[in-house]
Amino acid sequence: MKVICTKTYEEMSYEAAKLLAAQIVLRPNCVIGLATGSTPIGTYDQLVKWYEEGRLDFSAVRSVNLDEYCGLDGESDQSYRWFMDHHLFDRVNINKANTNVPNGKAADPEAEGERYDALIQSLGGVDIQVLGIGYDGHIGFNEPGPAFVKPTHMVDLDPSTIEANSRFFASADDVPRQAITMGMGGIMSARKVLLIANGAGKKEILMKALYGPITPEVPASLLQLHPDLTVISAVDE
Ligand code: F6R
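Figured I'd write up the structure that's included with this text. Because the structure is predicted, anything quoted here is derived from the model rather than measured. (Residues numbered from 1 in each chain as written. Predicted model: local features only at pLDDT ≥ 70, side-chain atom pairs only at ≥ 80, totals over all residues. Heavy atoms only, no water.)

## Let's talk about the pattern of salt bridges
Link 1 in the chain: All chains considered together, the criterion is met by twelve salt bridges.
Link 2 in the chain: Residue Asp127 pairs with Arg27 through a salt bridge whose shortest N-O separation is 2.5 Å. Separated by 100 residues along the polypeptide, Asp127 in the loop between α4 (109-122) and β6 (128-131) and Arg27 in the loop between α1 (9-26) and β2 (31-34) bring together distant segments of the chain.
Link 3 in the chain: Among the ionic contacts, a cluster of salt bridges with common partners joins Arg81, Asp85, Asp90 and Lys96. (Salt bridge = Lys/Arg side-chain N within 4 Å of Asp/Glu carboxyl O. Helix = DSSP H or I, 4+ residues; strand = E, 2+ residues; numbered from the N terminus.)

Shown next as structure tokens:
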């Protein structure tokens, strides 16, 4: 595990963007695994900046996102598909057909999970997976529970996650109660993992995840076993 502590969100974002950019330059048709939420916005802004300066080319890049709310489609501005279009895909020359987000409107979430895992396999796996971390230690939407769940699957969101994510909705009542998420198997299979964390409020859970016992009660703790994990954090006040 490599840990980079930065002083500011901007510095964290810059360092994270550098790793993603390096992957895109080294392998122009790489498969990047992407996350949504507040944390990666600055990273995506930096990638867009380099694209606008002519330093990055996304034309051959493929992407898979970690998760999507159940019941929302890409037209909804609360959906993770909309988030990705808005913060990254519509701002660079990525081929939208090469961008993948789980289908939150799938009638059969189990079949959707199987489809998504098969898709990731058919792409040759993920070269670098970006992750944020939830206050309860979730990654993707793998919430604390009795066991690590390997495949892409539907989850009931933890009340603390619903509360934390209500800032993006009119009220907590509007936050979908379920999501489809890449499982721990998909995340751990990525060749590189890049975990980013911002804000003093994330420090305690980050320390637990990186240095505490490996337990499904702190899903991110499994990352301790990943052979190529980089953590970039701006969590010190
Ligand atoms: C989002 C995701 C989540 C977030 C986590 C942190 O696709 O998978 O695990 O990374 O909830 O969210 P923020 O960055 O908003 O604190």
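Resuming the write-up.
## So, the environment of Val48
Link 1 in the chain: Within the secondary structure, Val48 is located in helix α2 (residues 41-52).
Link 2 in the chain: On the basis of relative accessibility, which here comes to 1%, the residue Val48 falls in the buried class.
Link 3 in the chain: In this view, Val48 contacts His87, Leu88, Arg91 and Val92; residues no more than four positions away in its chain are not counted. (Buried < 20%, exposed > 50% of the residue type's maximum accessible area, 1.4 Å probe, protein only. Contact = heavy atoms within 4.5 Å.)

## Here we look at the side chain of Glu68
Link 1 in the chain: With respect to the helices, strands and loops of the structure, Glu68 is situated in strand β4 (residues 67-69).
Link 2 in the chain: Buried charge Glu68 goes without a salt bridge, the closest partner of opposite sign being Arg81 at 6.4 Å.
Link 3 in the chain: A distance of 2.9 Å separates the side chain of Glu68 from the backbone nitrogen of Tyr80, its partner in a polar contact.
Link 4 in the chain: Once residues within four sequence positions are removed from consideration, Glu68 is found in contact with Ser79, Tyr80, Arg81, Val101, Pro102, Gly104, Ala179 and Ile180. (Lys, Arg positive; Asp, Glu negative; His and termini not counted. Polar contact = N/O pair within 3.5 Å; in protein donor to acceptor, adjacent residues only side chain to side chain.)

## Considering α4
Link 1 in the chain: The end-to-end C-alpha separation of α4 is 20 Å, in line with the 20 Å expected for 14 residues at 1.5 Å each.
Link 2 in the chain: Here α4 has its buried residues at Glu112, Gly113, Tyr116, Leu119 and Ile120. Looking straight down α4, one finds that the buried residues subtend no more than 125 degrees of arc, so they occupy a single side. Across from the buried face of α4, at angles greater than 90 degrees, the exposed residues are Glu110, Glu114, Gln121 and Ser122.
Link 3 in the chain: The inward-facing, buried residues of α4 abut β3 (62-65), β5 (99-100) and β8 (178-181).
Link 4 in the chain: Backbone nitrogen of Glu110 and a side-chain oxygen of the N-cap are separated by 3.1 Å at the start of α4; the cap is Asp108.
Link 5 in the chain: Immediately downstream of α4, the backbone of Gly124 shows phi near 95 degrees, a positive value. (Expected span 1.5 Å × (residues − 1). Arc of directions from axis to C-beta.)

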